[in-house]
Structure formats: C-alpha cells, structure tokens
Amino acid sequence: QKGLETLPIRMRAHCDNALELAKWLETQPSVEKVFYAGLESHPQHALAKQQQSGFGGMVSFALKGGREQAWQFIDGTRMISITANLGDVKTTITHPATTTHGRLAPEDKAKAGITENLIRLSVGIEAIDDLKTDLERGFQALED
C-alpha cells in the first residue's frame with residue numbers, strides 16, 4: 001500500500017509527459033510513426049478518449065530505418081535507462097523486437113506490430129525538457 005497516496009499525482013505526470021513527448025516525436029524528421037492513444041492520429045483515439053481520463057505512460061515509435069538505427073538511437077541516450085521495466089517513475093527505453101518480444105517468431109512479431117525499427121518508452125515523471133534533451137541525443141547519434 002506504500003505509495004498509493006501519490007498514485008493519482010504520479011499517473012497524471014506520466015500521462016502529461018507521455019502526451020507531450022508523443023506530440024514532439026511526431027515532429028521529428030527521423031520518426032516514421034508514433035503510437036500513442038492520446039494522439040489524434042492514433043486509430044483508437046476516439047475510443048480511448050471515451051473510456052479513460054488519461055492515456056498512460058507508454059509511447060512507442062518507429063524510426064526511419066531498421067534495427068541498426070533503433071540500436072544507434074537507444075545507445076545515444078544517456079539519462080533514460082535501457083531496460084524493459086515498465087511503470088517506474090524514471091523513463092525507460094527498450095527495443096521490443098530483441099527484448100520483450102525477442103522470442104516470438106517473425107510472423108508473430110509482424111502480427112503484433114513489433115518491427116525492427118520500433119522503440120518503446122515507458123515515460124516517467126522527470127522534467128520534460130530533460131527527456132527531450134536525452135532523446136535529441138538519440139537523434140544526433142543517427143546523424144553521427
């Protein structure tokens with residue numbers, strides 16, 4: 001039960017940060033597609049808006065390129081923790097195709113939308129400018 005008193009405050013911070021990052025990611029030239037139900041571009045946005053008051057802290061995005069670009073991007077970040085852990089107050093980043101979904105057959109990954117260029121963020125409650133700065137390091141790593 002420890003921490004339940006602050007759960008609503010933390011969830012609001014997760015949701016706010018995730019929505020802002022998702023909108024920002026949509027503007028990045030190296031991003032092919034952003035997956036977040038809080039975005040109007042998401043196919044289930046209207047339904048999610050009816051069913052919930054926030055859209056959660058999980059944001060996925062596909063980079064232009066493949067596995068190598070995804071790994072370069074992830075390796076370029078410094079503050080965000082590289083892990084498949086979800087729901088922490090600190091933002092984490094992972095490459096689902098080789099971590100959480102690594103054991104799936106290629107056809108099962110395809111059915112689930114797990115591509116080699118997909119990156120998943122479990123967005124924490126850090127200062128949004130710090131998160132953007134770290135993700136910009138990832139984008140810079142693609143250019144180096």
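Look up a bit, the structure's there.
Residues numbered from 1 in each chain as written. Predicted model: local features only at pLDDT ≥ 70, side-chain atom pairs only at ≥ 80, totals over all residues. Heavy atoms only, no water.

## Remarks on the overall build of the protein chain
For step 1, the next point in the chain: Scanning the protein chain from N- to C-terminus turns up five helices and five strands.
For step 2, the next point in the chain: Going from N to C terminus, the protein chain has its helices and strands arranged as α-β-α-β-α-β-β-α-β-α.
For step 3, the next point in the chain: A globule of 144 residues ought to have a C-alpha radius of gyration of about 15 Å, and the protein chain, at 15 Å, matches this closely.
For step 4, the next point in the chain: Per-residue burial over the protein chain gives 39% buried out of 144 residues.
For step 5, the next point in the chain: When contacts within the protein chain are restricted to residue pairs at least 6 apart in sequence, long-range pairs at least 24 apart make up 67% of them.
For step 6, the next point in the chain: When the accessible surface of the protein chain is summed, it comes to about 8,200 Å², and 52% of that surface belongs to carbon and sulfur atoms.
For step 7, the next point in the chain: Here the protein chain contributes 16 positive and 19 negative side-chain charges, whose respective centroids are spaced 5 Å apart. (Helix = DSSP H or I, 4+ residues; strand = E, 2+ residues; numbered from the N terminus. Rg over C-alpha atoms; globule rule 2.2 N^0.38 Å. Buried < 20%, exposed > 50% of the residue type's maximum accessible area, 1.4 Å probe, protein only. Contact = heavy atoms within 4.5 Å. Areas by Shrake-Rupley, 256 points an atom, 1.4 Å probe, with all protein chains shown as cover. Lys, Arg positive; Asp, Glu negative; His and termini not counted. Charge placed at Lys NZ, Arg CZ, Asp CG, Glu CD.)

## Digging into the side chain of Asp134
For step 1, the next point in the chain: Along the polypeptide, Asp134 turns up in helix H5 (residues 128-143).
For step 2, the next point in the chain: Reaching out from Asp134, the side chain makes a polar contact with the backbone nitrogen of Ile80 at a distance of 2.7 Å.
For step 3, the next point in the chain: Setting aside residues no more than four positions away along its own chain, Asp134 makes contact with Thr77, Arg78, Met79 and Ile80. (Polar contact = N/O pair within 3.5 Å; in protein donor to acceptor, adjacent residues only side chain to side chain.)

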